[in-house]
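Residue-level structural notes
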Amino acid sequence: MQEIKSRGLTRDAIKMIAMLTMFFNHFSHVFLTAGTYPAEFLKGIGYFTAPVMCYFLVEGYYHTHSRIRYAGRLLLFAVLAQVPYTLVFQTMVLNMLFTLFFCFLLLEVKTRIQSPFFRWTGYLILIFLTGF
């Protein structure tokens, strides 16, 4: 049987690009003057990261062997990352990993709750919690 070669980037390559663009975003926030062209350019490049991470979160949600362990790891890294995030950005806003964790919980609500009333109540509660 012949080996089929796929075109395009692998998942790992896309993740590495997303991490690099996130680094550019953080570098811009920390070391460059806000409002300057280089700062805004690097910040703009960094916004590539969020949709990529959301995509891989959903993919991981549906392919993981243990959703509880997946959620636990996501929450653990969100908590660990919060301290340096708060120190660097001088804000009490939750970091992106918490947002991904709440997105994970939204998927859980969608999957587990059948009643439309309780499902939408769960959605609204989680959306409200992301505002902190």
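Let me sum up the structure you'll find in this document. (Residues numbered from 1 in each chain as written. Predicted model: local features only at pLDDT ≥ 70, side-chain atom pairs only at ≥ 80, totals over all residues. Heavy atoms only, no water.)

Check the secondary structure of the protein and you find six helices and zero strands. The linear arrangement of helices and strands in the protein, starting from the amino end, is α-α-α-α-α-α. For 132 residues, the compact-globule estimate of 2.2 N^0.38 gives 14 Å, and the C-alpha radius of gyration of the protein, at 18 Å, exceeds that figure by more than 25%. For the protein, the C-alpha atoms occupy an extent of roughly 55 × 50 × 25 Å along the three principal directions. Split into buried and exposed, the 132 residues of the protein put 23% on the buried side. (Helix = DSSP H or I, 4+ residues; strand = E, 2+ residues; numbered from the N terminus. Rg over C-alpha atoms; globule rule 2.2 N^0.38 Å. Buried < 20%, exposed > 50% of the residue type's maximum accessible area, 1.4 Å probe, protein only.)

Glancing now at the side chain of Lys43. When you line up the elements, Lys43 lands in helix H2 (residues 37-46). Taking relative accessible area as the criterion, Lys43 reaches 13% and is therefore assigned buried. Engagement of the side chain of Lys43 in a polar contact is seen with the side chain of Glu40, the distance being 3.2 Å. If we ignore the near neighbours within four places in the chain, the residues touching Lys43 are Asn25, Ser28 and His29. (Polar contact = N/O pair within 3.5 Å; in protein donor to acceptor, adjacent residues only side chain to side chain. Contact = heavy atoms within 4.5 Å.)

On to the pattern of salt bridges. It is possible for side chains bearing opposite charge to pair when their charged atoms get close. Under the defined criterion, the tally for this structure stands at four salt bridges. Among the ionic pairs, Glu108 bridges to Arg67, the shortest N-O distance being 4.0 Å. Note that Glu108 is positioned in helix H5 (residues 96-112) and Arg67 in helix H4 (residues 67-89), a separation of 41 residues in sequence. Judged by its relative accessible area of 13%, Glu108 falls in the buried class. For Arg67, a relative accessible area of 27% translates into the label partly exposed. For the salt bridge of Arg112 with Glu108, the shortest nitrogen-to-oxygen distance reads 2.3 Å. (Salt bridge = Lys/Arg side-chain N within 4 Å of Asp/Glu carboxyl O.)

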